[in-house]
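Spelled out from the first residue to the last, the chains are:
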Protein chains: 2
Amino acid sequence: SNLPVPLEPEKNAPRISQVMRFGFPSLSNIRSYGDFVLSYDTRNRSAHWVFEHLTFESVAYTAEVDRSKSDFYDDQTVHPFFRALNSDYKGSGFDRGHLAAAGNHKKCQQDMNETFVLSNIAPQVGKGFNRDKWNDLERYIRNQIKNYKNIYVCTGPLFLPQKEGDGKLYVKYQVIGTNHVAVPTHFYKVCVYENVKNELELEAFVMPNQPISDKIPVENFRVPPETVERASGLLFFDRLSRSKLKKINGKKI
Amino acid sequence: SNLPVPLEPEKNAPRISQVMRFGFPSLSNIRSYGDFVLSYDTRNRSAHWVFEHLTFESVAYTAEVDRSKSDFYDDQTVHPFFRALNSDYKGSGFDRGHLAAAGNHKKCQQDMNETFVLSNIAPQVGKGFNRDKWNDLERYIRNQIKNYKNIYVCTGPLFLPQKEGDGKLYVKYQVIGTNHVAVPTHFYKVCVYENVKNELELEAFVMPNQPISDKIPVENFRVPPETVERASGLLFFDRLSRSKLKKINGKKI
Ligand SMILES: [Mg+2]
Ligand SMILES: [Mg+2]
């Protein structure tokens, strides 16, 4: 396809129209929060995807906003059969990992608090992943706001197959708690950056949900966006023709 | 909830309104065929659920209709990234198992043919399952049309966790072919029956995707409907209050 690039919504447009400017990856169980949008996966008790829109203003830090004032809370809008609870995570050994990063929403306490809804959370390995390399990736993307006026970030879980001894491919993942919250094997982020000249670039990352050495740069986890699309069953930025992109994963196309 | 029972649509109402009389289990990627309706799972390359409505007329056999005239075909309405192909099944050792049973759609060749779309198919163990006990279940439900004027059947795959040696629960399933079609660990059917007195009953079944002894009666595979709902992430017959049912799994309630 060769559609025109969707226009930047006006500053006073509804936040959801800004966040979702380049299209919805899917349409199941959409929840729109103050500063992010997600699609809930009733089977895995977490999000299919979470979309954020970062600008210089949106990632700005307000002194009073403090993540220690935020508590993880269960999503009352989700049917109890499909709702993750704090008790599911307790004693599991996994962190409650943010999909929309808390650090991207320091403008007001309400936005920060909303990132702690368990629909925006998935079980992540703490040491070496959530607290380390995945956090590096979050900061890497947020820091790009020095170079771009708009950043659109889509984040979610993956359940990737592995070849076993019998030569066949198997998907295998743990589920935790009485509500069987699925522990993803991997996580992805797919980002579109727009600079002041309205030029667009895309970056896609997949990281395994396991301890990752500090020494590996985040760029090493880049993958073609199609890889994430096939694995997740989602199409990212489908209102934006890939032919309109100046770069994918840092390479001119 | 205690909603009134949705009225039976008139005979000339659109088929989808008859099939889906008691509500959609979910709303992702709906496809409506001549005699069944499904929701496609782009990640697992098969259906989340398939809904059928059986009546004495709809299951009637027309002499010219012959399943040997039907061929399995890939679903061109599904994005190629997410589309199952015949080549994915080839050499996998699994049958292309119908979700909406071919045997329920012998009224016209077109209806029969449509059940062979790969979106209505999932990998099933052949001997002892697809060709045997699962087929028994399909016939068991179809034969109920002697006792009821309307039968509503929802069928789909499950991916159930098992406890491993470390005491933790894991979901594990094979994926086949270049498109990684997921092999379900189990399959479910949830049915609502309506008799001539407009009395309603529900039956729910879960069978493991493995050879099952001929000697076990299908009734042994009954489970509470909530079990299927929690496992699948779907709500079945949600426009029909459970309090309106005369029986669940053969027991008065
Ligand atoms: Mg985190
Ligand atoms: Mg069959």
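Conventions used here
Residues numbered from 1 in each chain as written. Chains lettered and ligands numbered in written order. Predicted model: local features only at pLDDT ≥ 70, side-chain atom pairs only at ≥ 80, totals over all residues. Heavy atoms only, no water. Helix = DSSP H or I, 4+ residues; strand = E, 2+ residues; numbered from the N terminus. Rg over C-alpha atoms; globule rule 2.2 N^0.38 Å. Buried < 20%, exposed > 50% of the residue type's maximum accessible area, 1.4 Å probe, protein only. Contact = heavy atoms within 4.5 Å. Pairing = 2+ DSSP bridges. Axes fitted to C-alpha atoms, helices over the stretch in contact; angles between N-to-C directions. Least-squares fit on C-alpha atoms with pLDDT ≥ 70 in both. pLDDT = per-residue confidence, 0-100.

1. Brief notes about the overall build of chain A
- Counting its secondary structure elements, chain A contains five helices and 13 strands.
- Over its C-alpha atoms chain A spans a radius of gyration of 18 Å, differing by no more than 12% from the 18 Å that the globule rule assigns to 253 residues.
- Expressed as lengths along the three principal axes of its C-alpha atoms, the size of chain A is roughly 50 × 50 × 35 Å.
- Counting across all 253 residues of chain A, residues that qualify as buried make up 57%.
- For chain A, contacts bridging at least 24 residues in sequence account for 68% of all contacts bridging at least 6.

2. Observations concerning the sheet that holds strand β2 (residues 36-41) of chain A
Residue and element names in this part refer to chain A.
- Within the open sheet, the eight strands sit side by side as β1-β2-β3-β6-β10-β11-β12-β13. Their pairing is mixed. Of all strands in the sheet, those bounded by a partner on one side alone are β1 (30-32) and β13 (251-252).
- With nine bridges connecting them, strand β6 (residues 150-158) and strand β10 (residues 186-194) associate as antiparallel partners. Residue pairing in the sheet places Leu158 in a bridge with His186 of β10.

3. A few points about the sheet that holds strand β1 (residues 30-32) of chain B
Residues and elements named next belong to chain B.
- Spatial strand order, β1-β2-β3-β6-β10-β11-β12-β13: eight strands in an open sheet with mixed pairing. Looking at the sheet topology across the chains shown, the edges are occupied by β1 and β13 (251-252).
- Across three bridges, the pairing between strand β11 (residues 200-208) and strand β12 (residues 245-248) is parallel. Opposite Leu200, over in β12, you have Leu245 as the bridge partner.
- Here helix α4 (residues 126-143) sits on the sheet in contact with β3 (46-54), β6 (150-158), β10 (186-194) and β11, set at roughly 15° to β10.
- Contacts from helix α5 (residues 225-232) reach β6, β10, β11 and β12 within the one sheet, and its direction differs from that of β11 by about 55°.

4. With respect to the relation of the copies chain A and chain B
- Of the transformation superimposing chain A on chain B, the axial component is 0.0 Å and the angular component is 180°, with the fit at an RMSD of 0.0 Å. Such a combination of rotation and displacement between the chain copies is what one expects of a two-fold axis. Residue A:Lys172 of chain A places its C-alpha closer to the rotation axis than any other residue of that unit, at 2.1 Å.
- A shared interface surface links the copies, since 100% of the contact residues of chain A are contact residues in chain B too.

5. Here's the deal with the confidence of the model for chain A
- A residue-level look at chain A finds 100% of positions with pLDDT of 70 or above and a mean pLDDT of 97.
- The ipTM for the predicted assembly is 0.97, set against a pTM of 0.97.

6. Quick notes on the side chain of A:Ser39
Residue and element names in this part refer to chain A.
- Mapped onto the secondary structure, Ser39 falls in strand β2.
- A relative accessible area of 0% means that Ser39 is categorised as buried.
- Not counting residues within four places of it along the chain, the set of residues in contact with Ser39 comprises Ser26, Ser28, Asn29, Ile30, Ala47, His48 and Trp49.

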